[in-house]
Structure formats: structure tokens, C-alpha cells
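# Structure assessment
Below, each chain spelled out in residue letters.
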Amino acid sequence: MDDLELLRRCYAEPNNADSEFRAALATRPGAARAATQAQQLDRDISKVLAEVEYPAGLEGRIILRADLRAARRPSISRLLPLSLVAAILLTLGAALRYISLPQYGSIGDEAVAHVYREIAHLDHQLEVTDASMDRLMRKVGIRRIGQLDKLRFAALCPSGQGSIMHLVLAGERGPVTVLYMPQRQIGAITEIADSRFHGRAYPKTHGSLAVIGELGEPLERIHQLVDAAVDWRA
Amino acid sequence: MKSRTKRFESLVHGHAPALYRYAYWLCDGDQASAEDIVQESFLRAWRSLDQLTDAGAAKAWLMTILRRENARRFERKRFDYADIDLDGIAQVHDEIARELDSHELRRGILQLEPGYRDPLLLQAIGGFSCAEIAQIMDLGQGAVMTRLFRAKKMLLDKVGSAAVNTGSRHG
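Just so it is clear, the structure is predicted and the values come from calculations on it, not from any experiment.

Definitions and cut-offs
- Residues numbered from 1 in each chain as written.
- Chains lettered and ligands numbered in written order.
- Predicted model: local features only at pLDDT ≥ 70, side-chain atom pairs only at ≥ 80, totals over all residues.
- Helix = DSSP H or I, 4+ residues; strand = E, 2+ residues; numbered from the N terminus.
- Contact = placed C-beta atoms within 7 Å.
- Buried ≥ 20, exposed ≤ 12 C-beta atoms within 10 Å, placed from the backbone.
- Pairing = 2+ DSSP bridges.
- Nonpolar A, V, L, I, M, F, W, Y, C, P; charged D, E, K, R; others polar.
- Core = buried A, V, L, I, M, F, W, Y, C linked by C-beta atoms within 7 Å.
- Axes fitted to C-alpha atoms, helices over the stretch in contact; angles between N-to-C directions.
- Parallel < 35°, antiparallel > 145°, perpendicular 65-115°, else oblique.
- Left-handed = near helix turned anticlockwise from the far one by under 90°.
- pLDDT = per-residue confidence, 0-100.
- Arc of directions from axis to C-beta.

To continue, consider the overall build of chain A. Per the secondary structure count, chain A includes eight helices and eight strands. Contacts in chain A between residues far apart in sequence, at least 24 positions, make up 58% of those at least 6 positions apart.

The structure is reproduced here in C-alpha cells:
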């Protein structure tokens, strides 16, 4: 094994147990030092790469999305356990987040923070079946009574106060986020202001509904669309 | 025998954290994009679950799916990756990484070209050998070793001996 090949192996895979490689290291101190340096570098790299904040509730969202996608198939009945597991996971995720999440000062802060945290969903174009919507709404204690024609994403998200129903609908100026927060009671319609988005939170029978869109988006139209499709008293 | 649903749940619980970390670094530290491609990858895995016959090969299988998903996403949104502000990314990371050397190493990893960064991630996050990385990336084993060698040399050059010198920091 020539020096260049030995050096390449030292850095590429310093822990390789290949006998020829180990023997070469034993007889060439310079290469052994390079291998030691490479091992330390590998530990440093692994440590840095592991310093990534893992999103709370991700596994629940993955399972739920698989469930939603699979629900479009005729063999939906065999996937019901998946829904139950997803619900349990989301509930657990919500419980964990309750411990660690900051308490938001207002419903507007909480809603806008949620939009930014899950901003990738604004680009989604999923087909959401009526059956999936029915299940989602049941989980947050409401009932679907009409169609949501402009719907392009739907999911349950964990929050500090329980599950939030997260919808994205097509608006006139872009995607509009609709969040139903069953645990969050407000006394009156509340304006939501942000540098990129604007919104409005509406009191409902057992919670509140936040509608958030791009600046200039006519929100009342979306609110009326959702309002007509949901029985909030269920 | 485990049901299809149970198998999928096991995959999610067993591999989602590693897949997310891999995606995070592939996406230049963009959390939203990383979560997006992880979710898309698992959806593809769910649809193709019957193709996975060896449970021991699950991690490599999932990471291969994720690499393809990232490539598709990269093709769709190539313009998003132009002129990445690495200083900006590093500044955000700085809040997490408290040590300067860790910060520099992060920055160095983000500055690596994808062809060099990818095998490094597969080795450090996936725990794969050069032979396994060669299979995942559809490359020769020698090519993988060369890329890993160059990637690590580049990191050493960029970070500097003070940051990763074993004698000064860890001795």
C-alpha cells in the first residue's frame, strides 16, 4: 500500500479493521497520527451533525399523512389502527410540548408562530377526502356539514393546549392557513398582525378559529367558507 | 407476522430522527425543507413498503428514498439554492453551537459541495461503511473513499488546526 493510498484510507475510514490497513498503520507512525486525527475529526463531525433540534410531533405527522393518503384507497378499513396510533402519538406529542413550549401571550402570537413553524405546508397540494376530514374534525370535537372546495392540506398538529386542526385553503393572493384551536377561548373577534401575514381569530362554541393569509387577502370570505362547512357545536 | 401498518410505524419510530438530521444537512440547515422531504420520503416508503424485504436494510433503503426525494426537490426549486447566505445560516446555528470550533465546523460542512457532503453525512449520521455508501450513492467504493478523504481534508483546511487539533482541544 503506497503512502497516498494509506493516507486516503486514514481519513476516509480510520476505524476500518482491514488487516492490511492496520498493519500499515502499525509500521508507519506518521500514518497512525493521521488516523488518530481523522478519528477525532469524525467524532467532532458526528457531534456537530447531531446538534439539530428534532421537530416535536414529526413522527405523528408522518403517520397521519400516510393515513390521510391511504384513506383515499378502497382498503381504508385495514388502516384504522394507524389513525388510532397517530391520534395517540399526537396527544403524547402535545403533552410533551406542553412541558417545553413557551406560553404565547395572545392567540395571534400562537397562530402566527404556528404558521411560521409549519410554513412548508403552505406549498402542499394534497387531495383530502371527505372521510379524512370527518375523522380530523371529530378529533377536535367538531363536525363537517359541507364541502371545503379550496382545501389543499389538512392535519392535526400538537400544541401546548391540545391538538390544533391545521388547514390550508387556496385564497385569492396565495395559500390561507386556517387553525381551529378547540382549547382556546376568546371573547370577541381578534385581529392578527404580522410583517408578512395578517389574520383574524373568531370565537367559536368550544374554541376559536384563526384565519391567516398574505397581506391583502380577503379573509372574511375564507372564514365564511369554513363556517358554512362546519358544525362548531358537535 | 407484523402487519403492514405495524412495519411502517416501526420504520417511522426507528428512523425518523436520523432521516431528519440527514435531511437537515442536505437542505443547508433549512428546517422546513428538511421536514418536508422527510414526510414525502416516508409517504413514498409507505407506498413501496412491500419492496423492503430485509428489515436490516431499512435505514439504507429509507436514506436512498430521501436522497432521491431531495434530488427531485432540488430540480424543482433549484433557484431557491442560489446565493445561499452561509454567514446567515452559520449565525442562526451560532445560537445553538456555543463553541467557536463547533460553529466553524458547521460552517465548513455547509460549505462542502453536495457531492462531498453527502457521503460524509451518510457515514456520520447513517453509520454506513464506505462499501455501503458506495451502494447507496451508486458509486465505486474507491470513489467514495476519495470523496470522504477530500471532504475531511477540506474541513480540516477550512476549520484550521486550532479547531480540530486533537492536541490543543482534546489533549
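When you go through chain B residue by residue, the secondary structure sums to 10 helices and zero strands. Each helix (α) and strand (β) of chain B, taken in turn from the N terminus, gives the series α-α-α-α-α-α-α-α-α-α. Within chain B, buried positions represent 40% of all 171 residues. Partitioning the intrachain contacts of chain B with sequence separation of at least 6 by distance along the chain shows that 62% fall at a separation of at least 24.

A few words now on the pairing of strand E3 (residues 162-170) of chain A. Residues and elements named next belong to chain A. Summarising burial for E3: eight of the nine residues are buried, a large majority. Taken together, the six bridges between E3 and strand E4 (residues 175-181) define a ladder with antiparallel strand orientation. Looking across to E4, one finds that leucine 167 is bridged to valine 178. Hairpin connection between E3 and E4: a loop of four residues separates the two successive antiparallel strands, and glycine 174 in this loop has a positive phi of roughly 145°.

Here we take up the interface of chain B and chain A. Listed by partner, the interface residues are 42 residues for chain B and 35 residues for chain A. Mapped onto the side of chain B that touches chain A, the elements with two or more residues apiece are helix H1 (4-26), helix H2 (31-47), helix H5 (100-111), helix H6 (114-124), helix H8 (141-159) and helix H10 (166-170) of chain B. Partitioned by chemical class, the residues of the side of chain B that touches chain A number 26 nonpolar, nine polar and seven charged.

Our next topic: helix H1 (residues 3-12) of chain A. Within the sequence span of H1 of chain A, burial applies to Arg9, Cys10, Tyr11 and Ala12 of chain A. In the core, the buried residues of H1 of chain A are packed alongside helix H2 (19-27) and helix H3 (29-50) of chain A together with helix H7 (130-137) and H8 of chain B.

We now examine the nonpolar core. Of all hydrophobic cores here, the largest spans 97 residues; its most connected members are Ala210 of chain A together with Ala23 of chain B. Among the elements that take part in this core, H1 of chain B stands out by supplying 11 residues, more than any other. The contacts of alanine 210 of chain A, once residues within four sequence positions are left out, are Ile107, Ala111, Leu179, Met181, Ile192, Gly199 and Ala201 of chain A.

Here the focus is the pairing of strand E5 (residues 190-193) of chain A. All names here are of chain A. Across four bridges, E5 lies against strand E6 (residues 197-203) in antiparallel orientation. Paired with isoleucine 192 across the two strands is glycine 199, which belongs to E6. Counting the residues in the hairpin turn of E5 and E6 gives three residues.

Before going further, it helps to examine the packing of H6 of chain B against H7 of chain B. Residue and element names in this part refer to chain B. Packing of H6 against H7 leaves a shortest axis separation of 10 Å and a crossing angle of 130°. Overall, the two elements H6 and H7 adopt an arrangement that is oblique. Here H6 runs over H7; the crossing is right-handed. Across the interface between the two elements, Asp118, Pro119, Leu122 and Gln123 from H6 touch Ile133, Ile136 and Met137 from H7. Its residues placed into classes, the contact of H6 with H7 shows five nonpolar, one polar and one charged.

This paragraph deals with the packing of H1 of chain A against H8 of chain B. At a closest axis distance of 8 Å, the pairing of H1 of chain A and H8 of chain B adopts a crossing angle of 75°. Accordingly, the angle class assigned to the pair H1 of chain A and H8 of chain B is roughly perpendicular. Packed against H1 of chain A, whose contacting residues are Arg8, Arg9, Tyr11 and Ala12 of chain A, the element H8 of chain B presents Met145, Thr146, Leu148, Phe149, Lys152 and Lys153 of chain B at the interface.

Attention now goes to the environment of alanine 31 of chain A. Residues and elements named next belong to chain A. Mapping alanine 31 onto the fold places it in helix H3. A tally of 19 C-beta atoms within 10 Å means that alanine 31 is categorised as partly exposed. Excluding residues within four positions of it along the chain, alanine 31 makes contact with Leu6, Leu7, Cys10, Ala24 and Leu25.

Residues and elements named next belong to chain A. Of the residues in chain A, 82% have a pLDDT of 70 or more, and the chain-wide mean is 81. Within the model, pLDDT remains below 50 along residues 74-80, and this stretch shows six contacts once partners closer than five positions in the same chain are excluded. Confidence drops under pLDDT 50 across residues 96-104; counting only partners more than four residues distant or on other chains, this segment forms 12 contacts.

This paragraph deals with the environment of arginine 221 of chain A. Examined against the element boundaries, arginine 221 of chain A turns out to sit in helix H8 (residues 219-229). In this structure, the C-alpha to C-alpha distance between arginine 221 of chain A and glycine 171 of chain A, residues 50 residues apart in sequence, is 9.0 Å.

Residues and elements named next belong to chain A. Regarding H8, the residues found buried are Leu219, Ile222, Leu225 and Val226. The buried residues of H8 occupy an angular sector of 125° when projected down its axis, which confines them to one face. In this structure, H8 carries Glu220, Gln224 and Ala228 as exposed residues pointing more than 90 degrees from its buried face.

Let's shift gears to unusual backbone geometry. Glycine aside, negative phi is the norm for most residues, and most peptide bonds take the trans geometry. Residue and element names in this part refer to chain B. Even without being glycine, aspartate 28 reaches a positive phi, approximately 60°. Take aspartate 28: it is sitting in the loop between H1 and H2. Exposure remark for aspartate 28: the 19 C-beta atoms within 10 Å place this residue in the partly exposed category. Phi is positive for aspartate 138, close to 60°, though the residue is something other than glycine. Inspection of the secondary structure puts aspartate 138 in the loop between H7 and H8.

For the rest of this paragraph, the subject is the environment of alanine 24 of chain A. Residue and element names in this part refer to chain A. For alanine 24, the position within the fold is in helix H2. With 20 C-beta atoms counted inside 10 Å, the residue alanine 24 sits in the buried group. Those residues in contact with alanine 24 that lie beyond four places of it in its chain are Met1, Leu6 and Ala31.

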